[in-house]
Structures are given as structure tokens and as C-alpha cells.
Number of protein chains: 6
Amino acid sequence: MALIRVINPNSNVHVTDGLAASVAGYAVPRRLDIICETLEQGPFGIESQKDVEQVKLPLLARMKARPADAYVIACYSDPGLALCRAEIDRPVFGIMESGLATALARGDRFGVIALSEIAIKRHLPAIRAHGFDDRLAAERAVGTSVAESADEAAFDGLLAAGRTLVDQDGADVIVLGCAGMARHRKGLEAALGCPVIDPTQAAVSMAIGTVLDGTDG
Amino acid sequence: MALIRVINPNSNVHVTDGLAASVAGYAVPRRLDIICETLEQGPFGIESQKDVEQVKLPLLARMKARPADAYVIACYSDPGLALCRAEIDRPVFGIMESGLATALARGDRFGVIALSEIAIKRHLPAIRAHGFDDRLAAERAVGTSVAESADEAAFDGLLAAGRTLVDQDGADVIVLGCAGMARHRKGLEAALGCPVIDPTQAAVSMAIGTVLDGTDG
Amino acid sequence: MALIRVINPNSNVHVTDGLAASVAGYAVPRRLDIICETLEQGPFGIESQKDVEQVKLPLLARMKARPADAYVIACYSDPGLALCRAEIDRPVFGIMESGLATALARGDRFGVIALSEIAIKRHLPAIRAHGFDDRLAAERAVGTSVAESADEAAFDGLLAAGRTLVDQDGADVIVLGCAGMARHRKGLEAALGCPVIDPTQAAVSMAIGTVLDGTDG
Amino acid sequence: MALIRVINPNSNVHVTDGLAASVAGYAVPRRLDIICETLEQGPFGIESQKDVEQVKLPLLARMKARPADAYVIACYSDPGLALCRAEIDRPVFGIMESGLATALARGDRFGVIALSEIAIKRHLPAIRAHGFDDRLAAERAVGTSVAESADEAAFDGLLAAGRTLVDQDGADVIVLGCAGMARHRKGLEAALGCPVIDPTQAAVSMAIGTVLDGTDG
Amino acid sequence: MALIRVINPNSNVHVTDGLAASVAGYAVPRRLDIICETLEQGPFGIESQKDVEQVKLPLLARMKARPADAYVIACYSDPGLALCRAEIDRPVFGIMESGLATALARGDRFGVIALSEIAIKRHLPAIRAHGFDDRLAAERAVGTSVAESADEAAFDGLLAAGRTLVDQDGADVIVLGCAGMARHRKGLEAALGCPVIDPTQAAVSMAIGTVLDGTDG
Amino acid sequence: MALIRVINPNSNVHVTDGLAASVAGYAVPRRLDIICETLEQGPFGIESQKDVEQVKLPLLARMKARPADAYVIACYSDPGLALCRAEIDRPVFGIMESGLATALARGDRFGVIALSEIAIKRHLPAIRAHGFDDRLAAERAVGTSVAESADEAAFDGLLAAGRTLVDQDGADVIVLGCAGMARHRKGLEAALGCPVIDPTQAAVSMAIGTVLDGTDG
């Protein structure tokens, strides 16, 4: 039975619970298990560059300690993605990278709902490094913490940012710029009328393609 | 129960059988069905621009006639992708687009094994339109027809092209540039030592993310 | 005597008449004839992706049936350009491509006056495929049909869009984003004070370079 | 009667004669005159950056002294193009810019046959400034002077460079990288089997679109 | 003792005095001398393309007449940079190029405070030629002459432009788009809270790296 | 007196000695001190992604512990550059970033001599993130360790790589892709006949511009 291990690099178990709720439906009895787990030594939310750096080596240690067929790093800053790919011989997916790559197959110009202006500054060089800047409509910040973004109360702010991205910036597909926003995906998609990508779902979906043997039907 | 419909726009049922064999393992009993079918009015192989154009409206008619939760157009030229997306209110995936987007989450520079020089000329503007040209290592042609590419005898040619892409052009992930090449994916990956993406598997994997409700666990 | 055949892929003869009026002055007695003709089986206006697809094969059939030294496809979506180039051994020009290429030799950043937001969504990937996105100031939609755009009453809307492109978006050359807008070119150029490119004139002008023998003076 | 003035900024009248021969066929009795003339104070060939700079102000003075409806600067380095555009209120075309823009409407990837490696170093930043680098297959130098390039003996070297551009670099349209090469265009096109653009013809052809009133038929 | 020669290509000695004041602190007794001098035959301010062209050959003549270990062309249009590099066998720095390159090592997206809209039109193709357009937030014009920009009274206008670049355009590093603005650098940096690059200081700083022997400690 | 602190993040003091020798000449008595120091807890050479990650937080701790007016991170992978910039309120320079930015002001297309193929894989996304890929000629690996690259015996391998970059890849400026290669800069520049950039010298030179008060002459 194949296993995808989804690691939340922050220590907020509420966020991990949200992740688990958002990807449980992709598990396949007797063929595919998906475990969502918390990196306890991570910060409560990954919001600064220092937060990003501090979880990289612990993430690698976690992957080395707990085998899986594929790993998902469930933080939109993709902390440790290059490191874990270099050191782990199983596929490793970052949710920003997977979320953006998936968005590029769902619309022409993507918009990102980010937590903060600081997060946007961190994302832009990554978008250029991926070569995706030609397709970026804009990023818009909602000004909340990781923890707050997972609350029901965050919906209105996310929706306002999404509306600006669609109506003003020309986006026709939206990416949620934090793993914590997963619970809002359906509601936003219904309200905005265009695809809204939860990046963790996108990464797990891509991971499925590598751990299930398509030819084993 | 969700349904992904994979349509082979050429009339070569041998290719459709190969597609079915490559994605059967993604089906989930009682939750997800994957049907691979042949567009009988298509040409025996889609090799010229005219072949591409001729299947677009029939593909749309097929989708309108046969409901599904998501569709995959299983030809590497992505014929009719813009058309079907504009006219069908369910997600539609093209295998080139999905295959390239997936490759971008598996390596830094992708190489494509194409059927022919004419196919490469057709792919390059599409790669630019996708904004992926910054990540392209190269495309290399093997000089076979769609039908031949599905034969066991094609393996050596594909491997030689893959080796050139990796060793000479700097690719670290390979995309199979024809749906017919699916059967060779595993062997090529083992021989080349880097990820080899079957674009139909990539598209079905992305489609799973849209048709299974991740939150329905 | 050389012949350039300009084909209006929509069935609106009023648009064809406008095309003929806009390029008649390029004909050269006894050396160059320019015929503008209507693809009767086309839709009344090419406004959706389906409209685009439906005229491609008829356009090719028309070119095969009616010889010429060069062809111009007189619809800003350049329907069938790749197809006709692949199948016809005479130069084939699309008016978007020719209009944009000409704009790049008249100014630094081009703006496009488009019919609709849907048209803009269709144009943007084409602009990327051409590699011209670095020079795009913006596209602005006027919200009219092809037929309406050819009416005198459309002028004010076109002018307003042009003013926004120049004053706000930084364009210093404007391209008319529909063959139907040809009659407004002179008036817009006078009012805006920068070059305004009628794409059909641009395509015919480029075609002249291929059908007249420059060395035959 | 409209007038296009084509100015050869070098003092080699043999080159000017070649230009005149290559565009004479575009003149239209009683409607369009095309005058090719020599900038006598120019160097014998424009081969260094200093040659380029030295002709800019004299070119401007010439245009101010001799009215025309449009001007063509017939040197592939486009000397003085920005200057003359800023100071002259008639359209001014540079042959590199016009030649490249025309090539982009004739093929997917252009190759340039340049005089020398030094010329290529000069062209590359210009190609980036135009935003055309995404479409560049390669430039290849033949190692001749401007004067030599106009001789019949230069043909074999040009053909060899063209063959390399097509067969090895993937070009499907060739641009002649010096006004002096005009006489070889037809022969190269026949031998290479793909469009070969003479940049002076391309510029004159574009200029025709601005000086003839298309609506005056 | 090494010598960096900074040439102000306009004839406004007030600007040269400002330059001297801004770089005097980089001189090193007995090891590095920095001379700022005026090109007397230059215009009072370089504001048009014609101004740019007219100083190129005099700049080259000046460099040939007055030896130095490195030269800085202290005008933001980088007049004669390609020419002087081709003809002079010592390092030659242009202040736009050096200022932008330095900005790219101080922030993620740069904004430029330009003198005028005409200057911006001149800068944009240069930014593309440098390949720096991916990092450009925006240029904003203050609408002053070179001479005025060096007055204390210009500060408020520069600050307003800087604020727009930071707050609205997303710049996190500002480049002063005229050598005359040097005196305002410190004040702007303090007021804006992000790095403000004086391009002449940037060029001299780069030049130091080539004329002082780092290994000679 | 201003202080630039150059930190070698590997623990090889031989490399630190080489750094000190290469930048000592930039110090200015009584005005500018340059200290080169070793991060003792770093690996002997930074050759893998894990080596890169492991030094980031120690680098930050070092900067916090030891004040300076500007810092240079003297490893070509620029480890911790984003982190230290976010956390330290003094200018921080990475030698890859500074070396590339400087190269862009010395030539048109840069080539990089890298230690290994693995290093090149690490550099390419960074070059894209910087937006410098349009100017990259190529990277070529010499296949040595950091320590070996600082030995005299490494010269021939570096020269061979440099020759390939210049003659085959079209580079006209070379960047040394490891801080350890500093001692070879002069010899390579003499042998290759084009500028060779030592990235540590480039970073220190840029840092000088920020720590010396140019106006304090």
C-alpha cells in the first residue's frame, strides 16, 4: 500500500487538521494512504524568512526518519524543497510549486492570495526562478497570520482579495497562498466563478500520479 | 461516483488500449471511474497540423454527447483544448500542458522526446504560449509514427533521444511527447535515472484532484 | 500580374467591403491585384473560440480552390494561420501577427483595442507564443461586436480605449484588434497623435513585399 | 506622388546600386517613387561601432535636407534610428528592425547571416531590446566586408551559413544581416527552401503601407 | 596611483561639482585618484536623443586624449558606452548600467526616478537590452531639467515619485535616473526607508574594483 | 572607520586566507577596514545543497554577534542571503549576485566556471530568479572541490573551461564560480583576453560604495 506523507512544517495542529480534512478524500482503501503530520519543532506559523530557514533541516530529518513513497511539504514557502529533493530518493512536492503548476493547467493568468506583503516579497523571486512570471496576474495580501487564515472569519478578506485579482488584475485562476486557507477553497470557487487551487490538494494530486502505479489496474 | 473521460483523438484503438493500461491503476472502486475511448472519426495518427485541426470540433461534440466530471484530451498536440475549455463547463486537461506542468514540479529543465521534427515545430510556439520556454532543455525527435511509437521496438530510439536530452542538453526530467509512448515510461525512467513523465498519467493525476472531493474523506 | 487574396472569414459582406476599401489603394495597375472576398460559410462575426475553429478548414479549402500569390486571413484571431501555412506553398499572412510585427517597427510599446474581454483572453497566449509580450503595454476592450465595430458610431468608444492605452498604459503605437475597425484608423491616428495600425493594411503591405519582385523595376 | 527615400549610410555606391536594383520593382508609376541614395560622408562600409556612430548625425541632416514621405536607413545596424525617429515627423524604418519583424511573420525561429563576429556582438543587445530573443535561432558570421558581401563570389559563404542556421540551429526563416547581401536573396531562398528576408525589401514594403493610402483605391 | 576619470557629458559645471562632491569620499590617498570633469562641448543638459548622440564622439575623443585606469560616463542615458568600450582598452562604466546592476544586488524590484516621460521612453529599450525588465517595478518622471534636478528645491518632487514607486509600484530599491540628482540620495534614502542608488557612486564603486589591485594589500 | 566583514562560510582557512589576499588591497588606512573570517562550524567546502542549508543560521548568528557596516557572504551559492538581508539592517552582499551583476556591466554575455555539475544545477534557478538568464552564455564545470580550486594546479582546468565558454558558448566576460578560485583571476584574464570577475572582489567593491561616504571627500 502506497503512502504519501504530508508534513506541516509549522507546529499549529489546527492547520494540520485542516490539511488532513482537505486531502482525506484522495486516499484509496488498501492502495493509498495519506498521512498528515505536524513538525512539532516548527514555529507556530511560517511567516518570516527565518521561520522558513529554521524548518529546513528538521524537515529533512523527519523525512529520513519516517519513510514514505512520496512527501508533500505543506507550507506555501516550499521550505527545504531543494534540500529534501537532493537528499531523499523519493519524489518530494512543494505546495507552492505544485499549486502554481496546477494553476497553469487550469487558467491563463494566475492570481495568488497571500498572507502578507512580506510573503509576497518572498514569493516573487521564487515565481521568477520557476519561470512562471509571464503568467502571473498579481499577488494580493490579506494581512492575516497563518492561524487566522484557517478561521471561518478569514473568508471575507480572502474573497475580497480574490475579487480584486479577478476583476482588476485579470486573473482567471486563483491559488491560495497558504496551506491554512484550505477550508475556504470551495466557498471561494463558488463565489468567484473561476478555479481556485488549494495547493496542498494540488501537490497530493500530483503525488498520487507518482505513487499509484497507473499501469496496475 | 466520479468519472474522468480520456479521449484518444486518433482512431488507432491500439493506442487507446495502451492509454487504458497506463491509467487503469488510478481508478478507485466505487469512487472514481476512468474511461478511455477512441474518437473513431479521427485520423489513424495525429501527425500534421491538418490532423490537429480536423479533430477539434468532433472532440467537442464527443464531450457534449458524453458527460463526465473531467475530460482528458489524450494527444500531445492538445487539439481543441482552448475550444473545449470555452464550451464545456467541466475541467478539461490537455496532456502536453499537464505533462509539462508536472515536469516543472519534478525537475529543473525538461526535455521532450517528440515523434518528428514537424511535431517539434508545432510544440515550440505552444511552449512559448505556456511561458515554459525558460525551462526547456530541448526537444529531440525519434522519427516514428504515433503507431510505431507504441511498439516495443521503439524503446531503443526513445532511450537514445532521452540520453541525448539528459547528457547533452542538460535535461533532468523527460516528457514523453506522444500518448502512444506510455508503455515505455517505466523502462525509460529506470534506464535514464531521472523522472520520465507520461503526459496522460500526468493529466489524469491532475484531473483526480478536481473530481475527487479531497474533503470527502 | 501578382494577386494577393484577402479572405474575410466571417460572412458579413459589410466587413469585406470595408476591407476592400482599406486596401484598394495598394493595388498596382498591371502588376498587382488585391481581391477581398467573403468566406460565406463563416459566422456573421468571429467572436468565440468556436467561431475561430469553425472557419479553419473552410479557409484552407478556399485557398486550395482559389490560387493566389499570397493570402491574407483578415480576422484578428488569425484563424487557421498555422494550418494554411503548413498546407499551402504560398506565403500566408495573419492580420494579428502582421499587425503586431508592424507595430513593433513603429513604436516601443503597443496597445491593442480589442472587441471584448473574451477576445483579449484569446489574444494573450498568442502574444506570448509570438514572444511579443515584452512589448505589450495593454489590451483594452470596447465591448462591441465585429459588425458594430465597423459602424461610424463605434469611433468614440475606440478613441476612449486608445486614449487609455496611450495615457495610462504607456502605449506609443496602437493596433486595431479587429478587421472591422479599418475605417477608423485615420481618424484615430489624427486624434491620438501616434501611429495606429490597421492590421489588414499591415498584412497586405507585408504581402506586397513577397509578391512583387523588388528586383523587377 | 509618394516618395520613399532609402539612404545607404556608407559611401560605397556599388552597395547603393544593389539596393536600388532590389527595390525598384516596388515603385508604382504616378503613385510611388523610391529613391536610393548614398550618404557620401559615410565610411566605405559600416563595420565597427565607430562607423555606426559617425553616420548618425549626418543621416539626420540628410533627412532634414531632403523631404520624403518615409525614410529607410539601409544599414543592418540601424544607425540613427532612434535619433531620426525623434527628430523627423515622418515614418523612419531601420532595416534590421523591419527585417526581423517581417521574419517573425514568415517563420517561427529566425537565423541571421551576419558579416562578422563583431557585428553579431552589436546585434544581440539590439535583438534583446526589441524583445525578439525568444525567437532567435542563431546568428552566424561569414567573415566578409560589406563590399565583399555584395559580390557574386560571396554566395557560397552565405549559403553555408544559411545551411548551418537551418540544419543545426533550427531556423526556419533567414534574415540577411547586411544591406549589401540583397542580390543573393533569391538564390539563397531557392537553395535553402525556406523564406530568406532581404531587410531592405522588408523595410520598403513596410514603408509602402504608410505612404500609399490604402483607402485611396 | 590609479585614476578613475568621471566625465560629465553635459556642459553644466554645477552638475560636475555635484558629481565631484558625491564621489570624493571614494578617493584613497596615494592609491586612488578620482577626477570629475566637464565635457565642455556637450549641451547644458542631455535631455533629447539628439543630445545623446551629439556627445558620443566627443566623449571618445576625450578619453583618447586623457588617459585613465577606468572611465565613468556620468549621464544616465549612458551615451557612447558601446562606442567607448569598443575603442578604449580600459574599463568604461555607464552610470545607468552600473546603477541598475547595483540596484539588483540591493533589492528585488527596482524603481527609477526619471527626469521626464521622454527620458523613460529612452530608458525602456535599454532596460530590455540589459535583460533587466523582469526586475523593473516602474519608472516615474518628475518633470524637471537636468539642472533643476540638482537644486534643493527638487527634493519634494523626487520624494513624491519615490513614494509612488515604493507604495504603488512595489519597488524596494530606487535608482536616481539622472547624475544631477546625487545630492538628494541620502535624504531620499532616509525618507523612503529603502536603498536609494546614486548611479555615479555605483559606477565609481564598480570601477574601484577594477583599478585598485585587491591583491595588493 | 568603516568595516566590511567578509565571512567565508566554510571552515577551510586556506580559502579564507585566499579571500583576504584578494581583497586586502581595497582597504583604506583610517577609513575602511576589511576583515575576512572563517565560519568555523561550516563544512570544509560548500558543495551540496545540505552544506548550503547548514550554514545559513550560523551565518546569521555570526553577523548578529559581530557588527560591521556591511557584510559579504563569501560562498558562490549565496547561502543565507535572503535570511541575513531580512534580519540584519546593514547591507549584505552575496558573491554570486554581486559577481553576476558586475559581469553584466563588463560584457554582454557571461560565462561561469563552476566547480561541478551539481553546483550548476543549483545556480541555474538562482540565475532565473535574478532575471539574468537572458545574458547567460553557459556554465561549465571543472570537476574539483572548493579546496582544490584554490590550488595552483587548478589553473589549467579553469583555463580550459574559460576557453570553451569564450570560444564555443559566446561569453565575453567570465565569472569565477567559487570563492576559492580568486588567486587565478589575473592569470585567467591575461590568458583569455576578456574580463574575469572574482565574485568576492566584486562584492567587496559594491560594499565599498555603501560603507564609504562618497560625499565625505
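Reading the values: rules and limits
- Here the residue index of a chain counts from 1 through its sequence in written order.
- Labels are handed out in written order, letters beginning with A for the chains and numbers beginning with 1 for the ligands.
- Where local features are concerned, this predicted model is filtered to residues with pLDDT of at least 70; where side-chain atom pairs are given and counted, the filter is 80 or more; whole-chain, interface and lining totals use all residues.
- Neither water nor hydrogens contribute to the side-chain values; these are computed over all heavy atoms in the structure.
- The helix and strand labels rest on DSSP assignments: H or I over at least four residues marks a helix, E over at least two residues marks a strand, and numbering proceeds from the N terminus.
- Radius of gyration: over C-alpha atoms. The globule rule applied is 2.2 Å multiplied by the number of residues raised to the 0.38 power.
- For the exposure calls, accessible area comes from a 1.4 Å probe over protein chains only, and a residue counts as buried if that area is under 20% of its type's maximum, exposed if over 50%, partly exposed in between.
- Should any heavy atoms of two residues lie within 4.5 Å, those residues are considered in contact.
- Surface exposure here means Shrake-Rupley accessible area, sampled with a 1.4 Å probe, where a residue is shielded only by the protein chains that are shown.
- The convention is simple: Lys and Arg are positive, Asp and Glu are negative, and His and the chain ends are not counted.
- We put the charge of a Lys on NZ, of an Arg on CZ, of an Asp on CG and of a Glu on CD.
- By this rule the span expected of a helix is its residue count minus one, scaled by 1.5 Å.
- The arc under discussion is defined with respect to the helix axis, by the directions toward the C-beta atoms.
- If DSSP finds at least two bridges between two strands, the strands pair.
- By the criterion used throughout, a crossover qualifies as right-handed when its path from the first strand across the helix to the second strand runs clockwise, the strands pointing away from the viewer.
- Orientation is described by axes fitted as lines to C-alpha atoms, over the contacting stretch for helices, and by angles from 0 to 180 degrees between their N-to-C directions.
- Two cysteine sulfurs form a disulfide in these notes if their separation is within 2.5 Å.
- Simply put, the buried area is the total loss of 1.4 Å probe accessible area from both parts when two parts are fitted together.
- Criterion for a salt bridge: a side-chain nitrogen of Lys or Arg within 4 Å of a carboxyl oxygen of Asp or Glu.
- Polar contact criterion, stated in full: a pair of N or O atoms within 3.5 Å, where within protein one must be able to donate a hydrogen and the other to accept it, and residues adjacent in sequence count only if both atoms are side-chain atoms.
- To line up the copies, we fit them by least squares on C-alpha atoms, keeping just the residues with pLDDT of at least 70 in both.
- Scored between 0 and 100, pLDDT is the confidence that the predictor attaches to each residue.
- An angle counts as roughly parallel when it lies under 35 degrees, as roughly antiparallel when it exceeds 145, as roughly perpendicular when it falls between 65 and 115, and as oblique in every other case.
- It is the rotation of the near helix from the far one that decides the hand of a crossing: anticlockwise by less than a right angle makes it left-handed, clockwise makes it right-handed.
- Any residue that is not Ala, Val, Leu, Ile, Met, Phe, Trp, Tyr, Cys, Pro, Asp, Glu, Lys or Arg is counted as polar, Gly included; the first ten are nonpolar and the last four charged.
- Stacked, tilted and edge-to-face are the three classes applied to pairs of Phe, Tyr and Trp rings, where Trp contributes its six-membered ring and a pair requires centres within 6.5 Å; stacked means planes under 30 degrees apart, edge-to-face means over 60, and tilted covers the rest.

Novice: I'm lost on the overall build of chain A in this one. Help?
Specialist: When helices and strands are tallied, chain A shows nine helices and eight strands. Compactness check: chain A gives a C-alpha radius of gyration of 16 Å against a globular reference of 17 Å for 217 residues, within 12% of the reference. Along the first, second and third principal axes, the C-alpha atoms of chain A reach 45 × 40 × 35 Å. Put simply, chain A has 217 residues, and 65% of those count as buried. Residue pairs at least 24 apart in sequence account for 70% of intrachain contacts in chain A once pairs closer than 6 positions are excluded. Counting only carbon and sulfur atoms, one obtains 50% of the accessible surface of chain A, whose full area is about 7100 Å². Of note, chain A has its 21 positive side-chain charges centred 2 Å away from the centre of its 28 negative side-chain charges.

Novice: In this structure, what is going on with helix 7 (residues 155-167) of chain A? I would like to understand it.
Specialist: Spacing of three or four residues puts side chains on the same side of an α-helix, whose turn is 3.6 residues. All names here are of chain A. In this model, helix 7 (13 residues) spans 18 Å end to end at C-alpha, consistent with the 18 Å of a helix rising 1.5 Å per residue. Buried residues of helix 7: L158, L159, A161, G162 and L165, and no others. Viewed end-on, helix 7 has its buried residues packed into an arc of 165 degrees, placing them on one side of the element. In helix 7, the exposed positions that point more than 90 degrees away from the buried face belong to D156 and D167. The inward-facing, buried residues of helix 7 contact strand 5 (110-114), strand 6 (136-141), strand 7 (173-176) and helix 8 (185-192).

Novice: I'm lost on the pairing of strand 6 of chain A in this one. Help?
Specialist: The side chains of a regular strand alternate between the sheet's two faces. Residue and element names in this part refer to chain A. Strand direction decides the pairing type here: strand 5 and strand 6, joined by five bridges, are parallel. Within strand 6, the position partnered with I113 by the bridge is R140. Chirality of the crossover, the property in question, places the unit of strand 5, helix 5 (residues 117-130) and strand 6 among those that are right-handed.

Novice: Just checking my understanding: could you explain the sheet that holds strand 2 (residues 32-38) of chain A for this structure?
Specialist: Two orientations exist for strands paired in a sheet by backbone hydrogen bonds: parallel and antiparallel. All names here are of chain A. The four strands lie next to each other as 2-1-3-4, forming an open sheet whose pairing is parallel. Unpaired on one side and paired on the other, strand 2 and strand 4 (92-94) mark the two borders of the sheet. Direction aside, the axes of adjacent strands within the sheet are offset by 20 degrees on average. Of the strand pairs in this sheet, strand 3 (residues 70-73) and strand 4 are connected by three bridges, and their pairing is parallel.

Novice: Would you mind showing me how to read the state of the cysteines here?
Specialist: As used here, a disulfide is simply a covalent bond connecting the sulfur atoms of two cysteines. The full count for this structure, using the stated rule, is zero disulfides over all chains. Here C75 of chain B stays unpaired: no disulfide links it, and the sulfur of C178 of chain B, its closest cysteine neighbor, is 7.1 Å away. There is no disulfide at C194 of chain E, and the cysteine sulfur nearest it, in C178 of chain E, is 19 Å away.

Novice: I tried to follow the sheet that holds strand 8 (residues 196-197) of chain F on my own but got confused; where do I start?
Specialist: Residues and elements named next belong to chain F. Strand order in the open sheet formed by four strands is 6-5-7-8, with parallel pairing between adjacent strands. Each edge of the sheet is formed by a strand with only one pairing partner; in this case those strands are strand 6 (136-141) and strand 8. Helix-sheet contacts for helix 8 (residues 155-167) involve strand 5 (110-114), strand 6 and strand 7 (173-176), and the interaxial angle to strand 5 is about 155 degrees.

Novice: Just to check I follow, could you spell out the interface of chain D and chain C for this structure?
Specialist: Accessible area lost when the parts come together is the quantity often used to give the size of an interface. Chain D puts 37 residues into the contact, and the matching count from chain C is 37 residues. Buried surface at the junction of chain D and chain C, summed over both partners, amounts to about 2900 Å²; 55% is from carbon and sulfur atoms. Our enumeration of links across chain D and chain C arrives at two salt bridges. The salt bridge involving K186 of chain D is made with D213 of chain C; its shortest N-O contact spans 2.6 Å. Where chain D packs against chain C, one counts 19 residue pairs in polar contact (both at pLDDT 80 or more). At the level of secondary structure, the elements contributing two or more residues to the side of chain D that touches chain C comprise helix 1 (13-23), helix 5 (95-103), helix 6 (117-130) and helix 10 (199-211) of chain D.

Novice: How should the pairing of strand 5 (residues 110-114) of chain B be read in this particular structure?
Specialist: All names here are of chain B. Here strand 5 lies mainly inside the structure; five of its five residues are buried. Of the two faces of strand 5, the one lined by F110, V112 and A114 and the one lined by G111 and I113 are each fully buried. By the bridge criterion, four bridges tie strand 5 to strand 7 (residues 173-176) in an arrangement that is parallel. Bridge pairing in strand 7 links V112 to V175.

Novice: What's the story with the side chain of D169 of chain E in this structure? I'm lost.
Specialist: Residue and element names in this part refer to chain E. Examined against the element boundaries, D169 turns out to sit in the loop between helix 8 (155-167) and strand 7 (173-176). Looking at D169, its side chain comes within polar contact range of the side chain of R140, at 2.9 Å. In contact with D169, other than residues within four places in its own chain, are R109, A137, A138, R140 and T164.

Novice: What is the right way to look at the relation of the copies chain B and chain A in this model?
Specialist: Mapping between the two chain copies consists of a rotation about an axis together with a translation along that axis. In screw terms, the move from chain B to chain A is a rotation of 180 degrees and a rise of 0.0 Å along the axis, fitting with an RMSD of 0.0 Å. Considering both components of the superposition, the chain copies are consistent with a two-fold axis. Within chain B, A101 of chain B has its C-alpha nearest the rotation axis, a separation of 2.5 Å. When the interface residues of chain B are mapped onto chain A, 100% of them are again interface residues, pointing to one common binding face.

Novice: Is there a simple way to think about the environment of R30 of chain D in this case?
Specialist: The residue R30 of chain D is located in the loop between helix 1 and strand 2 (32-38) in this model. C-alpha of R30 of chain D to C-alpha of S98 of chain D: the two residues are 68 residues apart in sequence and 26 Å apart in space.

Novice: Any chance you could explain the confidence of the model for chain A here in plain terms?
Specialist: Low pLDDT marks stretches whose predicted atomic positions should not be read closely. On average, residues of chain A score 95 in pLDDT, and 100% of them are at 70 or above. Two summary scores accompany this predicted model of the complex, namely pTM at 0.95 and ipTM at 0.94.

Novice: When you look at the packing of helix 5 (residues 95-103) of chain F against helix 10 (residues 199-211) of chain F in this model, what are you seeing that I'm missing?
Specialist: Two quantities define a packed helix pair, namely the angle between the helix axes and the distance between the axes. Residues and elements named next belong to chain F. Between helix 5 and helix 10, the least distance of the axes is 8 Å, while the angle of their chain directions is 85 degrees. Classified by the angle their axes make, helix 5 and helix 10 are roughly perpendicular. Packed against helix 5, whose contacting residues are I95, S98, G99, A101 and T102, the element helix 10 presents P199, T200, A202, A203 and M206 at the interface.

Novice: Got a minute to help me understand the relation of the copies chain D and chain C in this structure?
Specialist: Of the transformation placing chain D onto chain C, the axial shift is 0.0 Å and the rotation is 180 degrees, giving an RMSD of 0.0 Å. Interface residue correspondence from chain D to chain C reaches 100%, placing this contact among same-surface, isologous pairings.

Novice: Quick question: what am I supposed to make of the packing of helix 6 of chain D against helix 6 (residues 117-130) of chain E here?
Specialist: Close contact between helix 6 of chain D and helix 6 of chain E brings their axes to 7 Å; oriented N to C, the two are set at 115 degrees. Considering how the two elements wind past one another, helix 6 of chain D and helix 6 of chain E form a crossing that is right-handed. In contact with P125, R128 and A129 of chain D of helix 6 of chain D, helix 6 of chain E contributes P125, R128 and A129 of chain E. In the contact of helix 6 of chain D with helix 6 of chain E, the residues fall into four nonpolar, no polar and two charged.

Novice: Any chance you could explain the packing of aromatic side chains here in plain terms?
Specialist: Here a ring pair, both rings aromatic, is described through the centre-centre distance and the interplanar angle of the planes. If you walk through the whole model with that rule in mind, you get three aromatic pairs over all chains. Between F132 of chain E and F132 of chain F, the ring centres sit 6.2 Å apart and the planes meet at 50 degrees, which makes this aromatic pair tilted. Taken as a pair, F132 of chain E in the loop between helix 6 and strand 6 (136-141) and F132 of chain F in the loop between helix 6 (117-130) and strand 6 lie in two separate chains rather than in one. Its relative accessible area of 1% is what places F132 of chain F among the buried residues.

Novice: What should I look at first to understand the side chain of R185 of chain B in this one?
Specialist: Along the chain, the position of R185 of chain B falls in helix 9 (residues 185-192). Sequence-distant contacts of R185 of chain B, defined by excluding residues within four places in its chain, comprise L176, V196, I197, D198 and Q201 of chain B.

Novice: Would you take a moment to explain the interface of chain B and chain A for this structure?
Specialist: Tallying the contact residues gives 37 residues for chain B and 37 residues for chain A. The junction of chain B with chain A conceals about 2900 Å² of combined surface from both sides, 54% of it contributed by carbon and sulfur atoms. Sorting the residues of chain B by area buried against chain A places Y26, A105 and R106 of chain B first, and these three jointly supply 17% of that buried surface. The interface formed by chain B and chain A contains two salt bridges. When contributions to the side of chain B that touches chain A are tallied by element, the ones reaching two or more residues are helix 1 (13-23), helix 5 (95-103), helix 6 (117-130) and helix 10 (199-211) of chain B. The biggest single contributor to the side of chain B that touches chain A is helix 10 of chain B, with six residues.

Novice: Just to check I follow, could you spell out the pattern of salt bridges for this structure?
Specialist: Pairing between side chains of opposite charge can happen when the charged atoms of each approach one another. Tallied over the entire structure, the rule returns 84 salt bridges over all chains. Notably, a salt bridge pairs R183 of chain D with E152 of chain D, separated by 3.8 Å at the nearest N-O pair. With a gap of 31 residues between them, R183 of chain D in the loop between strand 7 (173-176) and helix 9 (185-192) and E152 of chain D in the loop between helix 7 (146-149) and helix 8 (155-167) connect regions that are remote in the sequence. Each of the two residues, R183 of chain D as well as E152 of chain D, counts as exposed. A single salt-bridge network, built from bridges that share partners, covers R5, E37, E40, R62 and R66 of chain A.

Novice: Explanation requested: the environment of V142 of chain E in the structure shown.
Specialist: All names here are of chain E. Tracing the chain through its elements places V142 in the loop between strand 6 and helix 7 (146-149). Classification of V142 as partly exposed rests on a relative accessible area of 21%. Separated by 20 residues in the primary sequence, V142 and G162 place their C-alpha atoms 9.8 Å from one another. Non-local contacts of V142, meaning those with residues more than four positions away in its chain, are made with I113, A114, L115, G157, L158, A161 and M181.

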